[in-house]
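Chains, contacts and geometry: an overview
Single-letter residue listing:
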Amino acid sequence: MSKPWFKKNYKRVSKYKGDDPSDVNNLPNYGYLGFRLYFPDADHINEEMLKKHVNTFKTFFQQNQTCYSLPEIAKDKLFNLDFKQITGDENILTYWPEFKEELSNDSEYCLNCISLAMHDLITKYYEEQNEQNLILFEPITARICNVEPFLHLRELRFQYIGKLVTIKGTVIKTSDVKLIAQYLTFTCSNCFGTQISKQPDNVYTVPLRCKTKDCKAKTNFSVELDSPYDKFVSWQSVKIQEPHWADQYDHARTPRTLDCELTEDLVNTCFPGDDVTISGIINVRDVNSNNGKNKQNSIFNLYLKAISVFNNKKQCKGEYNNGISFNQNDYFDIQKIHCAQNSFALLVQSLCPNIYGHEMVKAGLLLALFGGTKSESFRGESHVLVVGDPGLGKSQMLQACTNVAPRGVYVCGNTSTSSGLTVTMTRDGEGEFSLEAGALMLADQGCCCIDEFDKMPTQHAALLEAMEQQTISIAKAGTICSIPTRVTMLAAANPVGGHYNKARTIAENLKMNSPMLSRFDLIFILLDTVNEETDWLLSKHVVSIHLEQSERSRIQNNSVSIVESSNGNLRDRLKFDASKADLVPHNLFRKYIAYAQKYVKPQLSDDAKSVIKQYYLSLRKQFQTGDCTPVTTRQANSLIRLTQARAKAELREVATKQDAEDVVEIMKWSLNDIFSDGTGVLDKTRSQNGTGTSTKAQITRLLRIVQRISEIETRSIFGTNELKQLSEQAGIAKNKFNTVLENLNLQGFLLKKGQGKYQLVTADF
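Below you will find a few notes about this structure. Since the model is a prediction, treat every value here as computed from it, not as a measurement.

1. With respect to the environment of Asn-342
- One can find Asn-342 in the loop between α10 (328–339) and α11 (343–351).
- Note on Asn-342: relative accessible area 14%, which makes it buried.
- Separated by 231 residues in the primary sequence, Asn-342 and Arg-573 place their C-alpha atoms 7.7 Å from one another.

2. Quick word on the sheet that holds strand β11 (residues 384–388)
- If you walk across this open sheet you meet the 5 strands as β12-β15-β18-β11-β19, and the pairing is parallel. Looking at which strands have only one partner, the edges of the open sheet turn out to be β12 (408–412) and β19 (522–526). In this sheet, neighbouring strand axes are inclined to one another by 15° on average, regardless of whether the strands run parallel or antiparallel.
- Both strand β15 (residues 447–451) and strand β18 (residues 488–493) contribute to a ladder of 4 bridges, which runs parallel. Bridging from a neighbouring strand, Cys-449 pairs with Leu-490 of β18.

3. Let's talk about the packing of aromatic side chains
- Within this structure, the stated rule accounts for 15 aromatic pairs.
- Both rings, one in Phe-57 and one in Phe-60, keep their centres 6.1 Å apart while their planes meet at 75°; by these two values the pair is edge-to-face. A residue pair is termed a helical-turn pair when its members lie 3 or 4 positions apart in one helix, as Phe-57 and Phe-60 do in helix α3 (residues 47–63) at 3 residues. Neither residue differs from the other here; Phe-57 and Phe-60 are each classed as buried.
- Measuring from centroid to centroid gives 5.0 Å for Trp-96 and Phe-99, while their planes differ by 65°, and the two rings are edge-to-face.

4. Details of helix α21 (residues 586–599)
- With 14 residues, α21 should cover 20 Å at 1.5 Å per step; its first-to-last C-alpha distance of 20 Å lies within 8% of that length.
- For α21, the complete set of buried residues consists of Leu-588, Phe-589, Arg-590, Lys-591, Tyr-592, Ile-593, Ala-594 and Ala-596.
- Contact partners of the buried residues in α21: α10, α11, α12 (359–370), α13 (394–404) and α23 (633–648).

5. Observations regarding the sheet that holds strand β22 (residues 717–719)
- With antiparallel pairing, 3 strands are arranged side by side in an open sheet as β22-β24-β23. If you trace the sheet from one side to the other, it starts and ends with β22 and β23 (750–754), each paired once. Sheet twist, expressed as the mean angle between neighbouring strand axes with direction ignored, is 40°.
- Along the sheet face, helix α27 (residues 737–747) touches β23 and β24 (757–760) and points at about 95° away from the line of β23.

6. Observations regarding the pairing of β11
- For β11, the buried fraction is high: 5 of the 5 residues fall into the buried class.
- With burial as the criterion, each face of β11 is covered, one bearing Val-384, Val-386 and Gly-388 and the other bearing Leu-385 and Val-387.
- Bridge analysis of β11 against β18 gives 4 bridges, and the strand direction is parallel. Counterpart to Val-386 in the pairing with β18 is Ala-492.
- The pairing of β11 with β19 spans 5 bridges and is classified as parallel. Across the sheet, residue Leu-385 finds its bridge partner in β19, namely Ile-523.

About the criteria used
- Counting of residues starts from 1 at the beginning of each chain's written sequence and follows it residue by residue.
- Predicted model: local features are reported for residues with pLDDT of at least 70 only, side-chain atom pairs are reported and counted for 80 or more only, and whole-chain, interface and lining totals are derived from all residues.
- Values shown for side chains rest on all heavy atoms present in the structure; no hydrogens or waters enter the calculation.
- To qualify as a helix, a DSSP run of H or I must reach at least 4 residues; to qualify as a strand, a run of E must reach at least 2; elements of each kind are numbered from the N terminus.
- We call a residue buried when its accessible area falls under 20% of the maximum for its residue type, exposed when it is over 50%, and partly exposed in between, using a 1.4 Å probe and counting protein chains only.
- Note on pairing: two strands pair once DSSP finds at least 2 bridges between them.
- Fitted lines through C-alpha atoms give the axes, limited to the stretch in contact for helices. The angle between two N-to-C directions lies from 0 to 180 degrees.
- Pairing of aromatic rings covers Phe, Tyr and Trp, the last through its six-membered ring, and needs centres within 6.5 Å; plane angles under 30 degrees mean stacked, over 60 mean edge-to-face, and all others mean tilted.
- Take the number of residues in a helix, subtract one, and multiply by 1.5 Å to get its expected span.
- Contacts: residue pairs with any heavy atoms within 4.5 Å of one another.

Purely geometric stuff here, so don't read any function into it on its own.
Written as structure tokens, this is what we have:
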């Protein structure tokens, strides 16, 4: 067996000024084997206090030996400590009464004492087992978890420098894992003496002068990377941001961020989009420490040197409450909502009370917020698209969904990019690439509301994978990976021209391709129609909101009223006079949804399965022609998810027949909006993704003519004027030619290849 590493190159080590064999790292110092591993610069340590503190924790570990397996700790080189347990232990309070204050103010010393105590117990354990070859020559790391109280990023000030704090946030950026030197061996070029130099703040630092006697060299040093006394650790930098869906977040300012340094076993424990709780020591980094020419004036950056990292997603297996805590009053209020008659109607009316009507649309959005039961094979998230004329409250409903969602992100499509929605590859100052989270990653296992969805046609392709496969695949700058994005997407869009044309399909009104439209479980169309009775009720509702604004502040108390249920269809049961009821405030609404998502996992009953099966088969029979939108298993999965969400909204573990019938009614409402033509007649042959029925045959004839010419003349490029002449032969009116050409380009039959040029893609008609 080879010699222990501390005996290698012993002659070179003995050249240190004032060193002797007892100063080598793993020889006993102050009575502890491996003392120098934790206190390499122990010139001014109070020996009496040090032994007292180490023995205090040795006693603590011996009293709680069932919680600590010495062989496993020796193998992993780390162990965890509960902050509440060690600060409440009677033995520690007796022999180290100021431990809690010192842990906060001098964390490094306290952690080294704890690690040294465990190190000494393990070495003595191996000595008792007569296993001398298993004596540790590497340090053991103590990880303290559950450190309280929590500190908000906005409260971080200079007075916390050097203190132990705990911060919650969302990871928005991670760097690659690197090796950082903590101790390096330098050789003097004059006397060839060596010395070990600690690298402060992980910054490469050369000794100022040689410590060998009678040597006057100052700057002529070379580093020895093969020295056994060099110490390197894995290092990674992450950036966290305060969660903007928290109650303490101020939406009027830019969210605060903080750089965190992870070392050793903490690297690769979190990724962009993860919610983490990090405990560590606040340090400061001088931006001018590199002695560069372009110095800034007195700028110091705070960063967190992590001691422990708790990843809410990984360690809670994806079922976490997004930082929402429940107290006894919350459980009481949730029970009141659960016990209310027709509680689903109460939740629907409380979603966005400022918007009058649209009960079916609110019900669909609410079901998407609750989500279905997740499994390994099927996702539980649903996607909803709201299309309609301007001024009908689409944006306000999305804002309300963001406010009540336990984890919600709101973005506007006209100011977003594909990188801002998914993920960005950024290059740091050293040329290294790192991942920076976008909106979908930040909303992982939550809700992402996208307004002005029609203003971002170039970004739709980036959302296809995230909506169906729930991942984002990255292949940029040599980085190939796949990041989970389990997100519920709620989108709102305005039709082209400012008014929805019922004579056209959704694809024609939005200029949106069929793969994107097929991803949505529900599509609602809102029309601004003139109706004297509806307009009178709407004006009365708007006026009452302004008159009762002062009185509505009393709703902030967490009280809800019992709403009497009524018989009839779902739309009738969702309607009631909301002004006479105390609606659910948003803070309680958010906790109710979080409670349902965490604890309620409904399954379908046999009656519910029968209703879903019969309705799915009827859809397959109605939409069986080749020209209409196909009904696939996506619709069946959508019905299952929405039915489970309907039961989850009332905190029930079993989805009943009534739940399935309510979902079927919502689905029928959506399909009636989609497949109604300009005269209000439901046309089952009308394609949601294609063109209107009036020009369907003429378009098919045009494509056949163009394809026949392409086969005869062996060319695929056609000009606009030539296509216009061919469209007249096919019977298409001149005023509809531009619309038809745009639709064919959108559907991929005639691809635009330049000014006035289109390329035919061969297809069967």
